[in-house]
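Architecture and fold: a report
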Amino acid sequence: KAGVTQTPRYLIKTRGQQVTLSCSPISGHRSVSWYQQTPGQGLQFLFEYFSETQRNKGNFPGRFSGRQFSNSRSEMNVSTLELGDSALYLCASSLNSRVDTQYFGPGTRLTVL
Amino acid sequence: TQLLEQSPQFLSIQEGENLTVYCNSSSVFSSLQWYRQEPGEGPVLLVTVVTGGEVKKLKRLTFQFGDARKDSSLHITAAQPGDTGLYLCAAFFGNEKLTFGTGTRLTIIP
């Protein structure tokens, strides 16, 4: 069974731009969660989607948004990028909720210049 | 806000030695997970513990959940270079919000 895939793996943007990251979950998994990982703050929960609806949300500004499609694939968008948005963005999928075992993708490394 | 503190933050030991990593919280958690993350990859779940006082073993790794459900430890026996990585604890605090710990970066020197 294929694992969680994330595209692109690396991205360089400049301040003020916006970015869209993509995540394809494991086949059959309906819950997709997004996390931000930085050396200073560690791994922080952004949001979770299930059946195309946002089910949980972390403490991030409205510049961070996401969506999920009918095939469970998910995208997250960050608008008006700031230097502090530089991070590894991880996507995790699970069968039905984050209480189920989560399987993480390799992440997208975003650098904001 | 629930916080999970891990100690030590960094650990570098020789192959064959034993080590223990700790995960502590000021709040009670309903369940706790341990992950290992290697460079260029996402975290991989090692174990989930749900019962206070529970002990689980995974080959040379022993995971313990504190009786008060506010702490956990990971003990590695006879560490090997393949154990190198970032170890993360993560807990559910009575809801579905998974909170990750600050992480322990472990390096095993051959």
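A few points on the structure. (Residues numbered from 1 in each chain as written. Chains lettered and ligands numbered in written order. Predicted model: local features only at pLDDT ≥ 70, side-chain atom pairs only at ≥ 80, totals over all residues. Heavy atoms only, no water.)

**Digging into the overall build of chain B**
Across its full length, chain B holds 0 helices and 11 strands. Secondary structure elements in chain B, listed N-terminal to C-terminal, are β-β-β-β-β-β-β-β-β-β-β. At 13 Å, chain B has a C-alpha radius of gyration in line with the 13 Å of a compact globule built from 110 residues. Projected onto its principal axes, the C-alpha coordinates of chain B cover approximately 40 × 30 × 20 Å. Residue burial in chain B is summarised as follows: out of 110 residues, 44% are buried. Restricting the contact set of chain B to residue pairs at least 6 apart, pairs at least 24 apart contribute 55%. Each charge class in chain B can be summarised by its mean position, and for the 9 positive and 10 negative side chains these summaries are 4 Å apart. (Helix = DSSP H or I, 4+ residues; strand = E, 2+ residues; numbered from the N terminus. Rg over C-alpha atoms; globule rule 2.2 N^0.38 Å. Buried < 20%, exposed > 50% of the residue type's maximum accessible area, 1.4 Å probe, protein only. Contact = heavy atoms within 4.5 Å. Lys, Arg positive; Asp, Glu negative; His and termini not counted. Charge placed at Lys NZ, Arg CZ, Asp CG, Glu CD.)

**Concerning the state of the cysteines**
According to the stated counting rule, one finds 2 disulfides over all chains in the structure shown. Residue pairing for C23 of chain A: its cysteine sulfur links by disulfide to C91 of chain A, the two sulfurs lying 1.7 Å apart. Looking along the S-S bond of the C23 of chain A-C91 of chain A disulfide, the torsion reads about -50°, which is the left-handed sense. Taken together, the residues C23 of chain A in strand β3 (residues 19–24) and C91 of chain A in strand β9 (residues 87–94) connect sequence positions 68 residues apart. Note on accessibility: C23 of chain A and C91 of chain A belong to one class, buried. Two residues, C23 of chain B and C89 of chain B, share a disulfide whose sulfurs are 2.1 Å apart. Where C23 of chain B bonds to C89 of chain B through sulfur, the torsion about that S-S bond is close to 75°, and the disulfide is right-handed. Here C89 of chain B lies in strand β9 (residues 85–92) and C23 of chain B lies in strand β3 (residues 19–25), a separation of 66 residues in the sequence. Note on accessibility: C23 of chain B and C89 of chain B belong to one class, buried. (Disulfide = S-S within 2.5 Å.)

**With respect to the nonpolar core**
In terms of nonpolar packing, the biggest core is built from 23 residues, with L19, L32, W34, L74 and I76 of chain B touching the most fellow members. Elements with a minimum of two residues in this core: β3, β4 (31–37), β5 (44–49), β7 (61–65), β8 (71–76), β9 and β11 (104–109) of chain B. Apart from residues lying up to four places away in sequence, L19 of chain B is in contact with L11, I13, L74, H75, I76, A79, L106 and I108 of chain B. Grouped together as the second largest cluster of nonpolar side chains are 21 residues, F47, F64, M76 and L110 of chain A included. (Core = buried A, V, L, I, M, F, W, Y, C linked by side-chain atoms within 4.5 Å.)

**Concerning the sheet that holds strand β1 (residues 5–7) of chain A**
Backbone-to-backbone hydrogen bonds pair the strands of a sheet. The strands run either parallel or antiparallel. All names here are of chain A. The strand order across the open sheet built from 4 strands is β1-β3-β8-β7, with neighbouring strands paired in antiparallel fashion. The open sheet terminates on both sides in strands that have one partner only, identified here as β1 and β7 (64–68). If you compare each strand with its neighbour and ignore which way they point, the axes differ by 20° on average. Note that β3 and strand β8 (residues 74–78) share 5 bridges and pair antiparallel. (Pairing = 2+ DSSP bridges. Axes fitted to C-alpha atoms, helices over the stretch in contact; angles between N-to-C directions.)

**Considering the packing of aromatic side chains**
Using the criterion set out here, one finds 9 aromatic pairs over all chains in the structure. Ring centres of Y35 of chain A and F104 of chain A lie 5.4 Å apart, and the angle between their planes is 45°; on these two criteria the pair is classed as tilted. One end of the pair, Y35 of chain A, is in strand β4 (residues 31–38); the other, F104 of chain A, is in strand β10 (residues 103–104), with 69 residues separating them in the sequence. Summarising the burial analysis for this pair, Y35 of chain A and F104 of chain A share the class buried. Between the aromatic rings of F104 of chain A and Y35 of chain B, the centroid separation amounts to 5.7 Å while the plane-to-plane angle is 90°, which identifies the pairing as edge-to-face. (Phe/Tyr/Trp six-rings, centres within 6.5 Å; stacked < 30°, edge-to-face > 60°.)

**Structural notes on the sheet that holds β7 of chain B**
All names here are of chain B. What the 5 strands build is an open sheet, ordered β1-β3-β8-β7-β6; its pairing is antiparallel. The strands lining the two open edges of the sheet, one partner per strand, are β1 (4–7) and β6 (55–58). Averaged over all neighbouring strand pairs, the angle between strand axes comes to 15°, with direction disregarded. Both β7 and β8 contribute to a ladder of 5 bridges, which runs antiparallel. Looking at β8, one finds that T62 is bridged to H75.

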